[in-house]
Amino acid sequence: MNPQQKAATPVADGPLRTALADRSVVLCLGSGGVGKTTTSAALALALAKDGERVVVLTIDPARRLADALGLGGELGNEAVKLTLPKPSRAADRINGEVWAAMLDPAETFEQIIRAEAGSRKQAERVLANRLFKNLTSSLSGTNEYMAAERLHQLHNDDRFDRVIVDTPPSRHAIDFLDSPGRLTRFVEHRLYRSVFAPKRSLLRPLNAGSQIIMRLLARLVGSSLVDDVISLFSDFEGMDKGFQRRASEVDALLRGPETAAILVAAPRRDRLAEASWIAGNLAARDRAVDAIVINRSLPLDAAEAGAAMDEVSGPLAENLAELLLLAAQEDELVTELLADVGAAPLIRVAEQAEPIRDLRGLAGLARELG
């Protein structure tokens, strides 16, 4: 399906779901330890309840998504369909599907090489090149770009109506958003065109001066490395255009109206400061925050607690007064975040009594998000 034509199934009413209407990609962004992963998984369950086929992609190297889904370590690059628990109530019945995947950058890179190569032999030559192997494992930004590519693949997969992305913490998430545009600018840069583009530089017939330079370079770094460089540029011929096309498509997807950004935070000053930083970076890229989820809020209704103050005394009254003070401080911090972010639906999720370790626990959180 053409990514520009794909649209998600409209969702039921509710502040978060309304914000996600007609968005086929949902990015969950936030600092570490605020519950992005559980929010991503719970949101997938909430949307699947309405009949959607949802895939959650985690690009955080930690295995929290597998743990939250009760899968242990059984989660990899290929999406797996989850066996959903039978609900205790008919109203909680899930009519859709939930899939999950965890980014494997090396496997994704190999898939792209095979897709863009002109032949199977060309792909094998590139994948076997020692320099290519080193670059893919150590080159800065590779993981972030592979994450964008994996999103691109899942978005174009007809098995899914919506992709939810559990992004890495803060700054790496911004690198993820920027990576497709960065690759496009690199391929279009005159330095690449004049130095790295095949047939226009190293692969030209070497004159006497060039031969001297190549021999000197071989002495400095080793003749095998020079051979690997020349071989890689030769074998990569024609594939750069495919990478540029794909990067342009995923950049347009991340920046376009099909993608929603959910800011996930906790009511702590440092976490909310990180959230504000992310929101500022999104705004600098002309991307608004579509919804805010505040996890681990105090499970306290201020009005009810205030009324109860007249009926209790002693240590209980002191504890209740302290909780009311903490709740007021939370409200003040969240208000400061809203002033930085601007108008966006706000969903507050109460602190859970038990850590969420399986799909049944996620179902309860899904009801709060819904």
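Residues numbered from 1 in each chain as written. Predicted model: local features only at pLDDT ≥ 70, side-chain atom pairs only at ≥ 80, totals over all residues. Heavy atoms only, no water.

Trainee: Looking at this structure, I do not really get the overall build of the protein chain. What am I missing?
Mentor: Of the regular secondary structure elements, the protein chain holds 16 helices and 8 strands. For the protein chain, the proportion of its 370 residues judged to be buried stands at 45%. Taking the intrachain contacts of the protein chain between residues at least 6 apart in sequence as the baseline, contacts between residues at least 24 apart amount to 79%. (Helix = DSSP H or I, 4+ residues; strand = E, 2+ residues; numbered from the N terminus. Buried < 20%, exposed > 50% of the residue type's maximum accessible area, 1.4 Å probe, protein only. Contact = heavy atoms within 4.5 Å.)

Trainee: Could you clarify how one ought to interpret unusual backbone geometry in this entry?
Mentor: If a residue is not glycine, its phi is most likely negative; likewise, a peptide bond is most likely trans. Phi at Asp286 takes a positive value of approximately 60 degrees, unusual for a residue other than glycine. Examined against the element boundaries, Asp286 turns out to sit in the loop between α13 (269-284) and β7 (291-297). Of note in this structure, Arg296 is not a glycine but carries a positive phi near 60 degrees. Residue placement: Arg296 occurs in strand β7.

Trainee: Sorry if this is basic, but what is going on with the pairing of strand β6 (residues 259-265) here?
Mentor: Along any regular strand, the residues point their side chains to alternate faces of the sheet. Burial analysis of β6 places 7 of its 7 residues in the buried class, the great majority of the element. Neither face of β6 is open: one carries Thr259, Ala261, Leu263 and Ala265, the other Ala260, Ile262 and Val264, and all of them are buried. Relative to β6, strand β1 (residues 25-29) runs parallel, the two being bridged by 5 bridges. Bridging across to β6, Leu27 finds its partner in Ala261. Where β6 lies against β7, 4 bridges are found, and the strand directions are parallel. Looking at the pairing, Leu263 lines up with Ile292 of β7. (Pairing = 2+ DSSP bridges.)

Trainee: Sorry, what's going on with helix α5 (residues 120-128) here?
Mentor: For an α-helix the count is 3.6 residues per turn, leaving residues at separations of three or four pointing the same way. Buried within α5 we find Gln122, Ala123, Val126 and Leu127. Along the axis of α5, the buried positions cluster into a sector of 130 degrees, meaning they face one direction only. Of the exposed residues in α5, the ones pointing more than 90 degrees away from its buried face are Arg120 and Lys121. (Arc of directions from axis to C-beta.)

Trainee: Help me understand the environment of Gly256 in this model?
Mentor: Here Gly256 lies in the loop between α12 (239-255) and β6. Measuring from C-alpha to C-alpha, the distance between Gly256 and Arg287 comes to 8.8 Å, with 31 residues separating the pair along the chain.

Trainee: I'm lost on the packing of helix α7 (residues 142-155) against α12 in this one. Help?
Mentor: Helix packing geometry: the angle between the two helix axes and the distance between the axes. The geometry of α7 relative to α12 is characterised by a closest axis approach of 10 Å and an angle of 80 degrees between their N-to-C directions. Classed by the angle they form, the pair α7 and α12 counts as roughly perpendicular. Counting all contacts with α7, which are made through Tyr145, Ala148, Glu149, Leu151, His152, Gln153 and His155, the residues of α12 involved are Phe243, Arg246, Ala247, Glu249, Val250, Leu253 and Leu254. Here the residues of the contact of α7 with α12 are counted per class, giving 8 nonpolar, 3 polar and 3 charged. (Axes fitted to C-alpha atoms, helices over the stretch in contact; angles between N-to-C directions. Parallel < 35°, antiparallel > 145°, perpendicular 65-115°, else oblique. Nonpolar A, V, L, I, M, F, W, Y, C, P; charged D, E, K, R; others polar.)

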